[in-house]
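Okay, here's what each chain looks like letter by letter:
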Amino acid sequence: MIIKSDNIVNNVVESADVCIVGSGPAGSVMAMEMAEGGLSVIVLEEGGHFSGSRLNMREEDMLPALYNQRFTKDLSIALSQGKCLGGGSLINMADSVRTPDGVFAVWEKKFGVKDISPGAMKKYFDRAETILKTKKIEEAELNSNNLVLKKGVEKAGYTGDAFYHNREGCIECGYCLLGCPYGHKQATTENYIPRAIESGAKFYVNARADKILVDGERAEKVVGTILDGKTGMDKVSIEVNAKVIVMAAGTINTPQLLLKSKIPDESGLIGKNLILQPYTMVFGLFDEELKSYKGIPQSYYTDNYEEVDEDRGLTGFRLEGGFTLPGQVSTVVPGFGEGYKELMTKYSRMANIMALVFDGPDGTVSLNRFGRPVIEYEMTDQTKADMVRAMKESANLLFTAGAKKVMFTYEIPAVISDPSEISIVDERGIEPCSLTIMSFHIQGTCRMGPDPASSVVDSSLECHGAKNLFVVDGSVSPTTSSSHNMLPTMALSHRTADYILTNRGRYFG
Amino acid sequence: MNNYDIWKFGIRRRTFIKSMLVLTGAAATVGPSGCADYPKAEGNFAFLDDKTHAVIKSFSERIIPRGGAFEEGAEDIEVTGFFDRLVGAEPPEIQKNMRSGIMLLEHAPIFLMFKFKRFTQMTDDEKDLYLKKWEESGVTLFRGVFKGFKNLCTLGFFSNEKVWKYIGYDGPPI
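Not measured: the values here are computed from a predicted model.

Cut-offs and rules
- Residues numbered from 1 in each chain as written.
- Chains lettered and ligands numbered in written order.
- Predicted model: local features only at pLDDT ≥ 70, side-chain atom pairs only at ≥ 80, totals over all residues.
- Heavy atoms only, no water.
- Helix = DSSP H or I, 4+ residues; strand = E, 2+ residues; numbered from the N terminus.
- Buried < 20%, exposed > 50% of the residue type's maximum accessible area, 1.4 Å probe, protein only.
- Contact = heavy atoms within 4.5 Å.
- Buried area = accessible area lost by both parts, 1.4 Å probe.
- Salt bridge = Lys/Arg side-chain N within 4 Å of Asp/Glu carboxyl O.
- Polar contact = N/O pair within 3.5 Å; in protein donor to acceptor, adjacent residues only side chain to side chain.
- Nonpolar A, V, L, I, M, F, W, Y, C, P; charged D, E, K, R; others polar.
- Patch = residues over 30% accessible without salt bridge, like charges linked within 9 Å, V, L, I, M, F, W, Y side chains within 5 Å.
- Areas by Shrake-Rupley, 256 points an atom, 1.4 Å probe, with all protein chains shown as cover.
- Pairing = 2+ DSSP bridges.
- Right-handed = clockwise from strand over helix to strand, strands pointing away.
- Axes fitted to C-alpha atoms, helices over the stretch in contact; angles between N-to-C directions.
- Parallel < 35°, antiparallel > 145°, perpendicular 65-115°, else oblique.
- Disulfide = S-S within 2.5 Å.
- Left-handed = near helix turned anticlockwise from the far one by under 90°.
- Domains from an automatic or database assignment.

**Q** For this particular structure, what's the right way to read unusual backbone geometry?
**A** Trans peptide bonds make up the majority, and among non-glycine residues the majority have a negative phi. Residue and element names in this part refer to chain A. Phi is positive for Asn206, which is not a glycine, with a value near 50°. Along the chain, the position of Asn206 falls in the loop between strand E9 (202–204) and strand E10 (207–215). Phi at Asn273 takes a positive value of approximately 65°, unusual for a residue other than glycine. Mapping Asn273 onto the fold places it in the loop between helix H8 (253–260) and strand E13 (279–285). We classify Asn273 as buried; its relative accessible area is 13%.

**Q** Sorry, what's going on with the interface of chain A and chain B here?
**A** Quite often, the size of an interface is put as the accessible area lost when its parts meet. Counting from both sides, the interface comprises 51 residues of chain A and, opposite them, 54 residues of chain B. Together, the buried faces of chain A and chain B total about 4,100 Å²; carbon and sulfur atoms form 60% of this surface. When residues of chain A are sorted by the area they lose upon contact with chain B, Phe336(A), Lys341(A) and Glu411(A) head the list and together hold 18% of the total. For the pair chain A and chain B, the interface holds six salt bridges. With a shortest N-O distance of 2.6 Å, Arg372(A) and Glu93(B) are connected by a salt bridge. Where chain A packs against chain B, one counts 23 residue pairs in polar contact (both at pLDDT 80 or more). Elements that contribute at least two residues to the side of chain A that touches chain B include exactly helix H2 (59–66), helix H9 (326–330) and helix H10 (338–344) of chain A. Along the lines of polarity and charge, the residues of the side of chain A that touches chain B split into 23 nonpolar, 12 polar and 16 charged.

**Q** How should a nonpolar patch on the surface be read in this particular structure?
**A** Where nonpolar side chains cluster on the molecular surface, the patch consists of Ile171(A), Tyr182(A) and Ile174(B) and spans about 270 Å² of accessible area. Positionally, Ile171(A) belongs in the loop between strand E8 (164–165) and helix H7 (192–198).

**Q** I'm lost on the pairing of strand E3 (residues 41–44) of chain A in this one. Help?
**A** All names here are of chain A. Every second residue of E3 is oriented toward a common face, with Val41 and Val43 on one face and Ile42 and Leu44 on the other, all of them buried. Examined bridge by bridge, strand E2 (residues 12–21) and E3 share four bridges and lie parallel to one another. Paired with Ile20 across the bridge in E3 is Val43. For the crossover that starts at E2, traverses helix H1 (residues 25–36) and ends in the parallel E3, the hand is right-handed. Across three bridges, E3 lies against E9 in parallel orientation. Residue pairing for E9: Leu44 is matched across the bridge by Tyr204.

**Q** What's the story with the pattern of salt bridges in this structure? I'm lost.
**A** Side-chain pairing between opposite charges can occur once the charged atoms of the two side chains come close. Per the stated rule, a full pass over the model turns up 37 salt bridges over all chains. Between Glu306(A) and Arg318(A) there is a salt bridge, and its shortest N-O distance comes to 2.7 Å. On the criterion of sequence distance, the pair formed by Glu306(A) in strand E15 (residues 306–309) and Arg318(A) in strand E16 (residues 313–320) is long-range, its members being 12 residues apart. With a relative accessible area of 5%, Arg318(A) lands in the buried category. Note that Glu411(A) is salt-bridged to Lys150(B), the shortest N-O span being 3.1 Å. Here Glu411(A), found in the loop between strand E20 (405–408) and strand E21 (414–416), pairs with Lys150(B), found in helix H7 (residues 140–158), and the two come from separate chains. The class of Glu411(A) is buried, set by a relative accessible area of 3%. For Lys150(B), a relative accessible area of 0% translates into the label buried. One network of salt bridges, with partners in common, ties together Arg98(A), Lys122(A), Asp126(A) and Glu129(A).

**Q** Before we go on, may I ask you to explain the packing of helix H2 (residues 50–63) of chain B against H7(B) in this structure?
**A** Each pair of packed helices can be summarised by the angle the axes make with each other and by the distance between the axes. All names here are of chain B. Look at H2 against H7: their axes get within 10 Å of each other, and the N-to-C directions meet at 80°. Classed by the angle they form, the pair H2 and H7 counts as roughly perpendicular. Counting all contacts with H2, which are made through Ile56, Phe59, Ser60 and Ile63, the residues of H7 involved are Phe146, Phe149, Lys150, Cys153 and Thr154.

**Q** In this structure, what is going on with the state of the cysteines? I would like to understand it.
**A** Each disulfide consists of a covalent bond between the sulfur atoms of two cysteine residues. Per the counting criterion, the structure on display carries zero disulfides over all chains. A disulfide-free cysteine, Cys463(A) has its sulfur positioned 6.8 Å from the sulfur of Cys446(A), the nearest such atom. Looking at Cys153(B), it has no disulfide partner, and the nearest cysteine sulfur is the one in Cys433(A), 17 Å off. Residue Cys153(B) is classed as buried on the basis of its relative accessible area, which comes to 0%.

**Q** Explain the packing of helix H3 (residues 79–88) of chain B against H7(B) here, please?
**A** All names here are of chain B. Put simply, H3 and H7 touch, their axes get as near as 8 Å, and they point 120° apart. In terms of orientation, H3 lies oblique with respect to H7. H7 is crossed by H3, and the crossing has right-handed handedness. Taken together, the residues of H7 that come into contact with H3 (itself represented by Val79, Phe82, Phe83, Leu86 and Val87) are Phe149, Leu152, Cys153, Leu155, Gly156 and Phe157. Considered class by class, the residues forming the contact of H3 with H7 number 10 nonpolar, one polar and no charged.

**Q** Honestly, the domain arrangement of chain A in this entry has me stumped. Any pointers?
**A** Residue and element names in this part refer to chain A. Under the domain assignment used here, chain A contains domain 1 (2–94 + 97–133 + 177–273 + 441–504) and domain 2 (136–165 + 279–358 + 380–429). Each of domain 1 and domain 2 was reduced to a C-alpha centroid, and the two centroids are 31 Å apart. At the junction of the two partners, domain 1 supplies 19 residues and domain 2 supplies 23 residues. In total, domain 1 and domain 2 occlude about 1,500 Å² of area from one another, counting both sides; carbon and sulfur atoms represent 64% of this. Ranking the residues of domain 1 by area buried against domain 2 places Glu59, Met93 and Ser483 at the top, with a combined share of 34%.

**Q** Where do I start with H3(B) in this structure?
**A** Along an α-helix, a turn takes 3.6 residues, which lines up residues three or four apart on a common side. Among the 10 residues in H3(B), seven count as buried, and that is most of the element. Within H3(B), burial applies to Val79(B), Thr80(B), Phe82(B), Phe83(B), Asp84(B), Leu86(B) and Val87(B). On the buried face of H3(B), the contacting elements are H2 of chain A together with H2, helix H4 (92–107) and H7 of chain B.

**Q** Looking at this structure, how should I read the environment of Gly81(B)?
**A** Among the secondary structure elements, Gly81(B) is positioned in helix H3. Separated by 64 residues in the primary sequence, Gly81(B) and Val145(B) have C-alpha atoms spaced 19 Å apart.

**Q** Got a minute to help me understand the environment of Glu288(A) in this structure?
**A** Within the fold, Glu288(A) resides in the loop between E13 and strand E14 (300–302). Residues Glu288(A) and Gly37(A), 251 residues apart in the sequence, show an inter-C-alpha distance of 55 Å.

Rendered as C-alpha cells:
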C-alpha cells in the first residue's frame, strides 16, 4: 500500500525485513524483488505520490512538486533529480541505454569489481528491460526536433540511431519531463511499485529519512520524519527497524545520509568522486514552424564522438535531441529585456541539440552545518575541451540541417548566422555561470570495489563499514555507467537483490 | 572576460556577501538614499517582505519589460508570486543566501556604477545598465546570482498561459 502523510497523526514505529530509503528506479527494483521474494518491505520516499490527473502538465505546478533542484556551490551547474514516488523514472525522458561492455571491463580491471562482466550482467539488463517494456523508437515516432538532428547527422556522414525507450502506447504528447498522466511512460509507478505492493510492500510517501542508527558494524534502524504533504513541514517521527537497510536515495542524498549517520568509512570516500555528466544545449532557429515541444522529446542521438577508454571508461560526448517546454527553455535563452523577448518569440521555430559530456569523478558532496549537502565540482580542462567541441559540432549539425541562425546558451547572447562564426565558442570558452550547464545523470559518491581502503561498498553493493547496509543507486558507479544511467542502475539493483535473496539465511535467519 | 573566483583567493562567499553588504550599508548613510519606505507588497508571501518584493518586482520588470515583441511584461503576470512560492519552499540557509543576494542587488549600484541610488530608485535605463554589469561581471558570484534570479522570473513568466500565444506554444492537451 501507499501510505500518505495526511492519514498520519501519531509517531510511527515499524519493523520489517527490509527498509529501503528512496523509491526511484533502484529502490523500486529492490522493493519488488524483496517483496516477491517473500520478505516484508517498507519504503520511505521523501517526495509525494503523483499519478493520473495529479500530473497536470503545467510547469509552474509540476516542476516544484516533482523535482529536487540543486546547484553546485559556485552556482555554475544546475542539478535535477526526481523527488516523488518513482523518482527519476517519473520525470525522465524514458531512455533505456545499457552500459557499454568496455565500461564493465574498466570496472573489473581498474577498480577490481567482481562478477560485473557483460555476460554476468546480461540477465539483469534483460529483466529490467522486460519489466519496463523497453523497445526501439520507430522512425515514424521521431519528432521534428529529433529529425533536425538526424538530418544533420546523416548529411555529415556521422553514426547515429534512435533511442531505446520504456514507453507503451505512447501518444507522443511531449510532456515526459512533467510525468505521464496517461501511464504510457513506464515509470516504476507503472510496474515495479504495483508489483511490490501486491506482494505486501508498504510505501510511506512524504517520509524523509534523517539517520541510520548503527550498532557497531550493523545497521539497526532508520529514523525519519513524516512531512505534511502540502506544506512540507515536519509532522511526526517515523522509525523503521529492519534486518537489511537499502539506500536508494540518489547520488546526493545517499552520501548525505551516510555522512550524517557517521557510517564507518575506512576509505573516506563517502561523498567523493562525484560524476555529473554535465550538458549544455545549442539551439537552431529556423524559418519554418517546428513546434519541437510536441512528440517524444528525446528520440535520436549521435554517438560519433564517444568512445570507451581503457582507463577512464566512457569518454567524449554524445549529442541528442531534447527540446522542452517554454518555462524551461526560457531559462536557457540568453540576455534580458526586449532582445530576450524577441528571441523567445522564436520558440516554435527552434530546435535544439543537447551536448552531454562524459566527465570523470571530479566533484564532492559534503555537509554544511545544517547537515544539508554542499556540492562542489570543478570542470577539468578535458571536460571543458569536450564541451567546447560538442557545442561547435552541434552548431555545425544545426546549420547543416538548415538552421538560419544558431544560438548558444551563453548568458551574454551569442547568436550566429554563419558557420564561420562558430569560433565564438573558442573565444568565450567555458566559464562558471557564463553558460547554462545542467546535470541529470549524477553518479559516483559511494564507489563500489572490493577494498575497504578504496571503496565505500563491495562488489555486491554492501557497505564495507556496516554489514546489512546496501547502496543501490547511481552513487555506486566508479565511472559513468552509460549516457543515461537509469537502466544500468536498475540492472545493478537487480544483481544486488539476487545476492541478498541467494544469501537470505545470513541476513534474515 | 576576466574571471575572478573569489574563493580561490581564500575569500568565502558568505564573507564576500557580508562585506559587500556592510560596505553598501555604509555608503547608503552617506548618499541621499536614506531608508525610505517600500510599497506594501500586495498578497500573502512566504519569503518576500515589502523591501525584497519591491526589489524582485523591479528586477523582473527589466528582465521581461512591457513592450517590444509583445505588450505583456512581468508586471502583468504574477512573477513575484511564483518567485516567492519557489524560494519559500527552500531550506532556511538557502533563503538567507537569497535574501543577501537581493540586498546586494538593491544596494550595490554605488560600487558598480558609482551611483548613490538604490536599484529600485533608478530609472529604467539606469537599471538596464546596472543589470548588464551583473550579467557580464568578472565575479562568478554576481553572474550566478543574476542568472538564478533571472531564471526564476522567466520560468514564472513563460509558464503562464497568458503569454503562450506570443511564442507559438499551444499549451498542454489536458
